[in-house]
Number of protein chains: 2
Amino acid sequence: MTAYTATVTVRLKGGVLDPEAETTRGALERLGFELDSLRSADVFEIDLDAESSADAEERAGEMAERLLANPTIHDYTVAVEER
Amino acid sequence: MTAYTATVTVRLKGGVLDPEAETTRGALERLGFELDSLRSADVFEIDLDAESSADAEERAGEMAERLLANPTIHDYTVAVEER
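Residues numbered from 1 in each chain as written. Chains lettered and ligands numbered in written order. Predicted model: local features only at pLDDT ≥ 70, side-chain atom pairs only at ≥ 80, totals over all residues. Heavy atoms only, no water.

Draft legend 1. Here's a closer look at the packing of helix α1 (residues 19-30) of chain A against helix α2 (residues 53-68) of chain B. At a minimum axis distance of 11 Å, the contact between α1(A) and α2(B) shows a crossing angle of 105°. By the criterion of interaxial angle, the relationship of α1(A) to α2(B) is roughly perpendicular. Between α1(A) and α2(B), the residues in contact are A:Thr24, A:Ala27 and A:Leu28 and B:Met63, B:Leu67 and B:Leu68, respectively. Its residues assigned to classes, the contact of α1(A) with α2(B) shows 5 nonpolar, 1 polar and no charged. (Axes fitted to C-alpha atoms, helices over the stretch in contact; angles between N-to-C directions. Helix = DSSP H or I, 4+ residues; strand = E, 2+ residues; numbered from the N terminus. Parallel < 35°, antiparallel > 145°, perpendicular 65-115°, else oblique. Contact = heavy atoms within 4.5 Å. Nonpolar A, V, L, I, M, F, W, Y, C, P; charged D, E, K, R; others polar.)

As structure tokens, then:
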């Protein structure tokens, strides 16, 4: 078994409204910052032991499917590295 | 001016309790997943126009200092790429 860190990034799908990001963008603009757009995402860094990098990636993907992401509104990506 | 995307990742500092992450970890374990630990982070992807990559990074860092991160409890990193 090898120790891996799997990073699961959960983003809203295109077209899904993100009022929190809009609020943050407005607050930055009121502070005088210029920006074109702002998107927010949630990241989960998961330390786990697995037989291989592919195994770690598959298990982290299952965690995203079952709990971390809502497939109706979210897309997710998984990146794995040894720790 | 060049179009950049600055990615600001905001993490809790080491030693700061993260009850949301603990709840997520417990829920994953109840679903039968095995993991050693789980950390959560917030990511802001900011599209902005800047003179240079260094300029974009500096402005995104200021946004983190002023609004996106709370320096008492958060660390942040900034990554910039052309879009």
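Draft legend 2. Geometry of the interface of chain A and chain B. Taken together, the contacts link 30 residues of chain A with 30 residues of chain B. Interface area for chain A against chain B, summed over the two sides, is near 2800 Å², with a carbon-plus-sulfur share of 53%. On the surface where chain A and chain B come into contact, there are 8 salt bridges. A salt bridge links A:Glu45 to B:Arg11, with the nearest nitrogen and oxygen atoms 2.7 Å apart. Among the elements of the structure, β1 (2-12), α1, β2 (37-50) and α2 (53-68) of chain A are those that each provide at least two residues to the side of chain A that touches chain B. In terms of residue count, the dominant contributor to the side of chain A that touches chain B is β2(A) (13 residues). Across the side of chain A that touches chain B, the residue classes tally to 14 nonpolar, 4 polar and 12 charged. (Buried area = accessible area lost by both parts, 1.4 Å probe. Salt bridge = Lys/Arg side-chain N within 4 Å of Asp/Glu carboxyl O.)

Draft legend 3. Here's a closer look at the pairing of β2(A). For β2(A), a buried count of 10 out of 14 residues is recorded, marking the element as mostly surrounded by other parts of the structure. By the bridge criterion, 10 bridges tie β1(A) to β2(A) in an arrangement that is antiparallel. Bridging across to β2(A), A:Tyr4 finds its partner in A:Leu48. Of the strand pairs in this sheet, β2(A) and strand β2 (residues 37-50) of chain B are connected by 11 bridges, and their pairing is antiparallel. Each residue of the ladder has a partner; that of A:Ser40, found in β2(B), is B:Phe44. (Buried < 20%, exposed > 50% of the residue type's maximum accessible area, 1.4 Å probe, protein only. Pairing = 2+ DSSP bridges.)

Any functional reading would require information that these geometric values do not contain.
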